[in-house]
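Here's the letter readout for the chains.
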Amino acid sequence: MRYLALGDSYTVGEGVGAGERWPEQLAALLRAQGMAVDAPEIVARTGWTTDELMAGIERAAVSGRFDLVTLLIGVNDQYRGMDAGEYRVAFHALLGQAVGFAGGDAQRVIVLSVPDWGVTPFAQGRDRARIAAEIDRFNAVNRQETTARGARYVDVTQASRAAPPAGAGPRLAPDGLHPSGEMYAVWARLALPSARLALGGGAG
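We now turn to the structure provided with this report.

A look at the overall build of the chain
Step number 1: Per the secondary structure count, the chain includes 8 helices and 5 strands.
Step number 2: Starting at the N terminus and ending at the C terminus, the chain contains elements arranged as β-α-α-β-α-β-α-α-β-α-β-α-α.
Step number 3: Its C-alpha atoms give the chain a radius of gyration of 16 Å, within 12% of the compact-globule value 17 Å for 204 residues.
Step number 4: Seen through its principal axes, the chain has C-alpha atoms that stretch 45 × 40 × 30 Å.
Step number 5: Burial statistics for the chain: of 204 residues in total, 51% are counted as buried.
Step number 6: The long-range fraction of contacts in the chain, counting pairs at least 24 apart against all pairs at least 6 apart in sequence, stands at 74%.
Step number 7: Total accessible area on the chain stands at roughly 8500 Å², and carbon and sulfur atoms take up 52% of it.

Regarding the pattern of salt bridges
Step number 1: Under the criterion given, the structure shown has 10 salt bridges.
Step number 2: Glutamate 41 is paired through a salt bridge with arginine 2; the nearest N and O atoms lie 3.0 Å apart. Within this pair, whereas glutamate 41 is found in strand β2 (residues 41-44), its partner arginine 2 is found in the segment before β1 (3-7), the two being separated by 39 residues in sequence.
Step number 3: Accessibility expressed as a relative area gives 36% for glutamate 41, which makes it partly exposed.
Step number 4: For arginine 2, a relative accessible area of 26% gives the class partly exposed.

Looking at the side chain of arginine 152
Step number 1: Tracing the chain through its elements places arginine 152 in strand β5 (residues 152-154).
Step number 2: Despite being buried, arginine 152 has no salt bridge partner; aspartate 105 is the closest side chain of opposite charge, sitting 6.9 Å away.
Step number 3: Looking at arginine 152, its side chain comes within polar contact range of the main-chain oxygen of glutamine 107, at 2.7 Å.
Step number 4: Contacts of arginine 152, omitting those with residues within four sequence positions, involve Ala106, Gln107, Val109, Ile110, Val111, Thr146, Ser194, Leu197 and Ala198.

A look at the nonpolar core
Step number 1: The biggest cluster of nonpolar side chains holds 59 residues, and the ones touching the most others in it are Leu6, Leu26, Leu30, Leu53, Val69 and Trp187.
Step number 2: The element contributing the most residues to this core is helix α8 (residues 181-198), with 8 residues.
Step number 3: When near neighbours in sequence (up to four residues on either side) are disregarded, valine 69 contacts Leu4, Leu6, Ala98, Phe101, Ala102, Arg108, Val109 and Ile110.

Observations concerning the packing of helix α3 (residues 50-60) against helix α5 (residues 84-101)
Step number 1: As a packed pair, α3 and α5 sit with axes 9 Å apart at the nearest point and diverge in direction by 30°. As far as their axial angle goes, α5 and α3 are roughly parallel. Our pair here, α3 against α5, has a crossing hand that is left-handed. For the pair formed by α3 and α5, the contact residues are Thr50, Asp51, Leu53, Met54 and Ile57 on the first element and Tyr87, Ala90, Ala93, Leu94, Gln97 and Phe101 on the second.
Step number 2: Grouping the amino acids of the contact of α3 with α5 by side-chain chemistry returns 8 nonpolar, 2 polar and 1 charged.

Parameters and conventions
Residues numbered from 1 in each chain as written. Predicted model: local features only at pLDDT ≥ 70, side-chain atom pairs only at ≥ 80, totals over all residues. Heavy atoms only, no water. Helix = DSSP H or I, 4+ residues; strand = E, 2+ residues; numbered from the N terminus. Rg over C-alpha atoms; globule rule 2.2 N^0.38 Å. Buried < 20%, exposed > 50% of the residue type's maximum accessible area, 1.4 Å probe, protein only. Contact = heavy atoms within 4.5 Å. Areas by Shrake-Rupley, 256 points an atom, 1.4 Å probe, with all protein chains shown as cover. Salt bridge = Lys/Arg side-chain N within 4 Å of Asp/Glu carboxyl O. Lys, Arg positive; Asp, Glu negative; His and termini not counted. Polar contact = N/O pair within 3.5 Å; in protein donor to acceptor, adjacent residues only side chain to side chain. Core = buried A, V, L, I, M, F, W, Y, C linked by side-chain atoms within 4.5 Å. Axes fitted to C-alpha atoms, helices over the stretch in contact; angles between N-to-C directions. Parallel < 35°, antiparallel > 145°, perpendicular 65-115°, else oblique. Left-handed = near helix turned anticlockwise from the far one by under 90°. Nonpolar A, V, L, I, M, F, W, Y, C, P; charged D, E, K, R; others polar.

Shape descriptors only; they carry no functional weight alone.
Structure, rendered in structure tokens:
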């Protein structure tokens, strides 16, 4: 089964090894449960906004039908000061593309919420409450759009804000901004039930 992952630094796995990216870990979890999922085809780059992802998709000349499509985009739009209304327009278009890649079946598309970079050391000295509020507004938009389209939604924002449990690995990559492989493993586990349903395997 073909899997397409669309996004930005969180999808490409900035600061971690290729096998630690959450789409790679999700595919591995699905394979471990007997589902024949190929390695994800990733169209993502660190720093991409919604508009840049759309341009990247065009350059990549993505073709064919995918059994599973994931979309996680918006943090760089928030970082650069885009308002929620502008984000809605761009996200709506990207979600439409994602559904198209899934052969028109919105149930095969999973949207992940935008994590909160404001809790990281990189945000020291910035207005963390404002960052959180803006990310919450963006996530309200992408959740509404996802629900209206009939696609699946997975909240990873709360996990990004939570302190790791005792004995867990580090939450962040060495750059102090992007998630670690251990945090991506949490996201992959959160997405797994939706991915199984998308692929017709039940929630597990």
